[in-house]
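The residues making up each chain are set out below.
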Amino acid sequence: MTFSRPVEDEVDRLVAAWRQERPDLDVTPLEVLSRVSRLSRHLERERRAAFASHDMESWEFDVLTALRRAGEPYELSPGALLRATLVTSGTMTNRIDRLAAAGLVVRRPDPEDRRGVLVRLTPAGMHRVDAAFADLLRRERELLAGLEQHEQQALAALLRRLLIPFDASDAPAH
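Residues numbered from 1 in each chain as written. Predicted model: local features only at pLDDT ≥ 70, side-chain atom pairs only at ≥ 80, totals over all residues. Heavy atoms only, no water.

Visitor: Any details on the pairing of strand 3 (residues 113-121)? Residues and values, ideally.
Guide: Pairing of strand 1 (residues 75-76) with strand 3, which is carried by two bridges, proceeds in the antiparallel orientation. Directly across from Leu-76, in strand 3, lies its bridge partner Val-119. As paired strands, strand 2 (residues 105-110) and strand 3 are joined by six bridges and run antiparallel to one another. Bridging across to strand 3, Arg-108 finds its partner in Leu-118. Once strand 2 ends, the chain turns through two residues before running back antiparallel as strand 3. (Pairing = 2+ DSSP bridges. Helix = DSSP H or I, 4+ residues; strand = E, 2+ residues; numbered from the N terminus.)

Here you go:
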């Protein structure tokens, strides 16, 4: 019976080098978090490519998908968009202005607040974000192709456990 050695990646080499140079330190976290960091860079590159192929930037995708996920009539207040995208008020105003100028969203008065406005996804905005989202999912499936479905589910569960404390600290106080 022959056993094949596991394939070594760049992180394995990095960890081995640190263990040799700093045997006094436990570098175990690098085995997970350096891989997460490297994977994040690959994912970000794929996201940018998916969005660029639909003439869209990441921030545009974030705002448009927040509106799309809201469901009919695909509109939110600027405050809700702030919470969904974690940007400042001034940044969101600028983004809404740019999306409106491109015909991807429109502003309308909020019928429940005379001083407020609602931002609504236009048909052009919906078409663009739906196409970009489908393309992004195709690319993400390709990134995950080396894992079986049950492995993807296990990885998702483990990553969720790591992220929950961060998400809880980012949640708005009521």
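Visitor: Describe the nonpolar core, listing the residues and the values that go with them.
Guide: Counting 21 residues, the largest nonpolar core has Phe-51, Phe-61, Leu-64, Leu-67, Leu-81 and Leu-99 as the members making the most contacts within it. The set of elements that each furnish at least two residues to this core consists of helix 2 (28-52), helix 3 (58-69), helix 5 (89-101), strand 3 and helix 6 (123-143). Element by element, the count of residues in this core is highest for helix 3, at six residues. Ignoring any residue separated from it by four or fewer positions in sequence, one finds Leu-99 in contact with Trp-59, Glu-60, Val-63, Leu-64, Leu-104 and Val-105. (Core = buried A, V, L, I, M, F, W, Y, C linked by side-chain atoms within 4.5 Å. Buried < 20%, exposed > 50% of the residue type's maximum accessible area, 1.4 Å probe, protein only. Contact = heavy atoms within 4.5 Å.)

Visitor: Residue-level account of the sheet that holds strand 2, with values.
Guide: If you walk across this open sheet you meet the three strands as 1-3-2, and the pairing is antiparallel. The outermost strands of the open sheet, each flanked by one partner alone, are strand 1 and strand 2. Across the sheet, helix 3 lies against strand 1, strand 2 and strand 3, angled at about 100° from strand 3, the strand it touches most. (Axes fitted to C-alpha atoms, helices over the stretch in contact; angles between N-to-C directions.)

Visitor: Before we move on, can you summarise helix 6 with the specific residues and values?
Guide: In an α-helix there are 3.6 residues to a turn, and that puts residues three or four apart on one side. Under the 1.5 Å per step criterion, the end-to-end length of helix 6 is 30 Å for 21 residues, consistent within 8% with the ideal 30 Å. For helix 6, every residue scored as buried is listed here: Gly-125, Val-129, Ala-132, Asp-135, Leu-136 and Arg-139. Burial along helix 6 is one-sided: seen end-on, the buried residues are contained in an arc of 130°. Residues of helix 6 that are exposed and point more than 90 degrees away from the buried face comprise Pro-123, His-127 and Arg-141. On the buried face of helix 6, the contacting elements are helix 2, helix 3 and strand 3. (Expected span 1.5 Å × (residues − 1). Arc of directions from axis to C-beta.)

In short, geometric facts, not functional conclusions.
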